[in-house]
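Take a look at the letters that make up each chain.
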Amino acid sequence: MQHGKATFFVGIGGSGMMPLAMILAGRGARVSGSDRSLDGGRLASKFDWLRSRGVDLFPQDGSGVQSAEQVVVASAAIEPTVPDMVRAAELGCARMSRAELLASLFNASPLPIGVAGTSGKSTVTGMIGWILHACGRDPTVMNGAVMKNFATPDAPFASALVGAGDAFVSEVDESDGSIANYWPRIAVLNNVSLDHKSLEELRLLFGAFAGKAATTVVNVGDAESAALAAGLDRGRTLTFAVEGEADLMARNLAPEAFAIGFDLVMGETVRRVRLQVPGRHNVANALAAIGAATAAGVSLADACQAVEGFTGLRRRFELVGMAGGVSVIDDFGHNPDKIAATLDTLHAFPGRLLLLFQPHGYGPLKVMRRELVAMFATKLGREDLLVLPDPVYQGGTVSREVTSADIVTDVAATGAQAMHIPGREAAAAHLVAQARPGDRIVVMGARDDTLSQLAEDMVTRLGT
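Report on the accompanying structure. (Residues numbered from 1 in each chain as written. Predicted model: local features only at pLDDT ≥ 70, side-chain atom pairs only at ≥ 80, totals over all residues. Heavy atoms only, no water.)

The secondary structure content of the chain amounts to 15 helices and 21 strands. Whereas a compact globule of 464 residues would reach a radius of gyration of roughly 23 Å, the chain reaches 22 Å, a difference of no more than 12%. For the chain, the residues scored as buried account for 55% of the 464 residues in total. In the chain, 67% of the contacts between residues at least 6 apart in sequence involve partners at least 24 apart. Summed over all atoms, the accessible surface of the chain reaches about 17900 Å², with 51% contributed by carbon and sulfur. (Helix = DSSP H or I, 4+ residues; strand = E, 2+ residues; numbered from the N terminus. Rg over C-alpha atoms; globule rule 2.2 N^0.38 Å. Buried < 20%, exposed > 50% of the residue type's maximum accessible area, 1.4 Å probe, protein only. Contact = heavy atoms within 4.5 Å. Areas by Shrake-Rupley, 256 points an atom, 1.4 Å probe, with all protein chains shown as cover.)

Dropping the structure here:
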């Protein structure tokens, strides 16, 4: 990829597109783009910030695609009928998918570190990035979420870091199969469970990814990942597990409301670590990050000390605020494992849970229906309330074979309290009306950055 080449991003505000655009811009490329949210007047602060970074923004009407010399980058969510794509075809512009561009940058770096797994990718990527940064390695980091450690008033949307060091740390996506394009030196495999694809497909994709690396860091506390690890070269594998047997182990967990401590055990070495993010799942994430950092040459002591300074990601169990004795938490949970991890973390402490879960599409609902229902039936407390609005929809054609109403019907049949309220605003208003002191409201879902604003609005309503 020629960094000086003019590059136009169709959907530049997306969580996977924006950091990639900023990495290119930081490396000298001329970057411009369009976005449906920009046209709809949503997330104005994000687009104002992009403009302040020298990015030219256009309506998604084809007007920004002006020359055959431009490279046009689009995510998988962009249909070929979008005017920008039509104009790119007319001009004969070179076109790349988001994954193709990211893979080309990743594979060309001296030390590509790829983070894979159904859950925890963004957090592990952020942790590795922070450890390497704190240890003076000046990494480049590509994340799907804003990393709080790097967010400042001048850089409020810090989902990317552009460094001069040898490491390029990136989460890699299995949902569209593009994980096959990446050639990591260090590979992290955190867990394998249902999300977008069948387990059979996931085993093949994750197994091939793990097998490419010089060092693969694998969570053998996860059954599917452990099965994949069994087929890898043991000499190139670094295993980890929470309260299990592995090269890196976590013992004596001490949960707090918004933190957790544990003993890290590696051979004869035992170190006490306290994370500023809560939950058993984050202990696993920290082990993955420490393992990757040590594989990159960081000492175990330095990695442990640095990870304690990691302050988390936006929309990952993020306490938005409290009002009237009610806490509001914004969370990215959208598949059974992610949601279960959040509920387990919350249920370690007293208080009723009021959940607003906006599914991230009709397709995922169809794939995950049985697993979602089983998870909610197991993880919801007797007094908890689950409310599902309709799935996020951002245009295009979509099959609606399984809906939020279907999920609610199935969950309610298990005896749990669940409601379908189609409109998101109405669903939020219902939970605010039901809330009482001691409750925790959790806003959950993916592919919709405006959920964070909804959570903030709920805090405001609770205080009035």
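Now, onward.
Another aspect to go through is the sheet that holds strand β2 (residues 30-34). Spatially, the five strands line up as an open sheet ordered β3-β2-β1-β4-β5, and their pairing is parallel. A single partner strand is all that each edge strand has here, and the edge strands are β3 (56-58) and β5 (94-97). Neighbouring strand axes in the sheet, compared pairwise and without regard to direction, differ in orientation by 25 degrees on average. Examined bridge by bridge, strand β4 (residues 71-74) and β5 share four bridges and lie parallel to one another. If you follow V71 over to β5, its bridge partner there is A94. Together, β1 (6-10) and β2 form the strand contacts of helix α1 (residues 18-26), whose direction differs from that of β1 by roughly 170 degrees. (Pairing = 2+ DSSP bridges. Axes fitted to C-alpha atoms, helices over the stretch in contact; angles between N-to-C directions.)

A complete count under the given rule lists seven aromatic pairs for this structure. With 5.5 Å between their ring centres and 75 degrees between their planes, F106 and Y182 make a pair best called edge-to-face. Highlighted residues: F106 in helix α5 (residues 98-108) and Y182 in the loop between β9 (167-171) and β10 (186-189), separated in sequence by 76 residues. According to the relative accessible area criterion, Y182 is buried, its value standing at 0%. By the ring-pair criterion, three or more aromatic residues cluster together here, those being F106, F168 and Y182. Here K212 stacks its cationic end above the ring of W183, 4.3 Å away from the centre of that ring. (Phe/Tyr/Trp six-rings, centres within 6.5 Å; stacked < 30°, edge-to-face > 60°. Lys NZ or Arg CZ within 6 Å of the ring centre and 35° of its normal.)

Core analysis: the biggest nonpolar cluster contains 49 residues, and I113, I128, I131, F262, L264, L275 and I290 have the highest contact counts within it. Among the elements that take part in this core, helix α9 (residues 280-295) stands out by supplying nine residues, more than any other. Apart from the residues lying within four places of it in its own chain, the contact partners of L264 are L248, M249, T269, V270, R271, V273, L287, I290, L300 and C304. Membership of the second largest hydrophobic core comes to 47 residues, among which are L57, V172, I179 and L189. (Core = buried A, V, L, I, M, F, W, Y, C linked by side-chain atoms within 4.5 Å.)

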